[in-house]
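Survey of secondary and tertiary structure
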Amino acid sequence: MDNSSPRERILATAGELFYRDGIASVAVGRIIEEADVGHMSLWRIFGSKQGLVDAWLRQTDETMRAEACAAFQAALPPRDRIAALFDVYTRWSTGPWSLGCPLVKAAAEPGGAGPEVRTVAAQHKWTIRDHLHSTCLEAGAADPHTLAAQLLYLIDGLGVSAGLGLPDNPPHAARAAALTLFDAATRGRAGRPSSSRPAGRKDGNSQGRVIKG
């Protein structure tokens, strides 16, 4: 027996359908039927389909951000934190989000996702990027800004390869490449402070500022 609340059932059902079939193609009636809730429950809780989409995006962002940020907040050496982060993304790419990053998929969908999706997806990436920068800075990388960007590109590539099901791109390859890159960029510099500063975002905020998960 499912003891979850109507809100939880709607979000879980909508998230599965949105991710698998695309936001625009999923009708509200289908969500209501598969979530096994009263017809008015969705409207009462979320107000509209767009309200549901926005709630799902925020929940997905919070779930991913909490688990990814936990890797950075662990009391581990910087290299081990990078490894732990890639372990998180590898597990996602071979498990619940095997079709690629749900936020990126939603942002790339033409129509249906609404105006908030690109903002949520971009802010999520900036959060990971900021944590990567701080970790690379702590490790003494000569150019933590560039190294953090390169590591983020590997994370995004991991999601794309998983989503396309490329057989010659096993998920663990991204982790191995990330650690090779990290080692090359920080060799002999562990514990040495770097004076490099990241380039500012377009909105003028510092890219090196860590956003807590």
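This write-up is about the structure you can find in this document. (Residues numbered from 1 in each chain as written. Predicted model: local features only at pLDDT ≥ 70, side-chain atom pairs only at ≥ 80, totals over all residues. Heavy atoms only, no water.)

1. Observations concerning the packing of aromatic side chains
Under the convention used in this document: Each Phe, Tyr or Trp ring (for Trp, its six-membered ring) is paired with any other whose centre lies within 6.5 Å, and the angle between the two planes then decides the class: stacked below 30 degrees, edge-to-face above 60, tilted in between. In this description a helix means any DSSP run of H or I spanning at least four residues, a strand means any run of E spanning at least two, and both kinds are numbered starting from the N terminus. The rule is simple: take the accessible area with a 1.4 Å probe, protein chains only, and divide by the maximum for that residue type; under 20% is buried, over 50% is exposed, in between is partly exposed. For a Lys NZ or an Arg CZ to count as sitting over a ring, it must be within 6 Å of the ring centre and within 35 degrees of the ring normal.
Counted according to the given criterion, the structure contains three aromatic pairs. Note on Phe 18 and Trp 56: the rings are 5.5 Å apart at their centroids and 65 degrees apart in plane angle, and the pair reads as edge-to-face. On the criterion of sequence distance, the pair formed by Phe 18 in helix α1 (residues 6-21) and Trp 56 in helix α4 (residues 49-73) is long-range, its members being 38 residues apart. Ring geometry for Trp 92 versus Trp 97: centroids 5.4 Å apart, planes at 75 degrees, classification edge-to-face. The buried category is assigned to Trp 92, whose relative accessible area is 4%. Owing to a relative accessible area of 17%, Trp 97 belongs among the buried residues under this scheme. Each residue in the set Tyr 89, Trp 92 and Trp 97 is aromatic and connected to the rest through ring pairs, giving one cluster. Sitting over the ring of Tyr 19, Lys 105 keeps its end group 4.9 Å from the ring centre.

2. Observations concerning the side chain of Thr 13
Note the cut-off: Contacts: residue pairs with any heavy atoms within 4.5 Å of one another.
The topology assignment puts Thr 13 in helix α1. Discounting chain neighbours no more than four positions away, the residues touching Thr 13 are Ile 31, Glu 34 and Ala 35.

3. Quick look at the nonpolar core
In globular proteins that are soluble, nonpolar side chains generally tend to be buried together. Going by this rule: By convention a nonpolar core is built from buried Ala, Val, Leu, Ile, Met, Phe, Trp, Tyr and Cys residues, the set being connected through side-chain atoms within 4.5 Å.
Within the largest apolar cluster, 55 residues are counted, with the highest numbers of intra-cluster contacts made by Phe 18, Ile 31, Leu 52, Leu 85, Tyr 89, Leu 132 and Leu 151. Counting residues per element, this core draws most heavily on α4, which supplies nine residues. Excluding residues that lie within four positions of it along the chain, Leu 52 makes contacts with Ile 10, Leu 11, Ala 14, Phe 18, Ile 31, Leu 42 and Phe 46.

4. Some remarks on the pattern of salt bridges
We count it as follows: By convention in these notes, a salt bridge is any Lys or Arg side-chain nitrogen within 4 Å of a carboxyl oxygen on Asp or Glu.
Per the stated rule, a full pass over the model turns up eleven salt bridges. Note that Arg 20 is salt-bridged to Glu 16, the shortest N-O span being 3.5 Å. A residue pair is termed a helical-turn pair when its members lie 3 or 4 positions apart in one helix, as Arg 20 and Glu 16 do in helix α1 at four residues. Note that Arg 58 is salt-bridged to Glu 116, the shortest N-O span being 3.6 Å. Highlighted residues: Arg 58 in helix α4 and Glu 116 in helix α7 (residues 116-138), separated in sequence by 58 residues.

5. A closer look at helix α5 (residues 78-93)
Note that an α-helix has 3.6 residues per turn; residues three or four places apart therefore point the same way. Just so we agree on the cut-off: Multiplying 1.5 Å by the helix residue count minus one yields the expected span of that helix.
Given a rise of 1.5 Å per residue, 16 residues ought to cover 22 Å, and the 23 Å separating the end C-alpha atoms of α5 matches this to within 8%. Along α5, twelve of the 16 residues are buried, which leaves the element largely enclosed by surrounding structure. Taken together, the buried positions of α5 are occupied by Pro 78, Arg 81, Ile 82, Ala 83, Ala 84, Leu 85, Phe 86, Val 88, Tyr 89, Thr 90, Trp 92 and Ser 93.

6. Structural notes on the packing of α1 against helix α2 (residues 28-35)
Applied cut-off: The axes are straight lines fitted to the C-alpha atoms, using for helices just the contacting stretch, and the angles between their N-to-C directions are given from 0 to 180°. The labels follow the angle: roughly parallel below 35 degrees, roughly antiparallel above 145, roughly perpendicular from 65 to 115, and oblique for the rest. Put simply, a crossing is left-handed when the front helix is turned counterclockwise from the back one by less than a right angle, and right-handed when it is turned clockwise. The residue classification treats Ala, Val, Leu, Ile, Met, Phe, Trp, Tyr, Cys and Pro as nonpolar and Asp, Glu, Lys and Arg as charged. All others, Gly included, are polar.
For the pair α1 and α2, interaxial distance at closest approach is 9 Å and the crossing angle is 125 degrees. As summarised for this structure, α1 and α2 are arranged oblique, according to the angle between their axes. Viewed along their axes, α1 and α2 form a crossing whose handedness is right-handed. Judged by residue contacts, Arg 9, Ile 10, Thr 13, Ala 14, Leu 17, Phe 18, Arg 20 and Asp 21 of α1 engage Arg 30, Ile 31, Glu 34 and Ala 35 from α2. Taken together, the residues that form the contact of α1 with α2 break down as six nonpolar, one polar and five charged.

So far we have only geometry, and geometry alone does not tell us how the molecule works.
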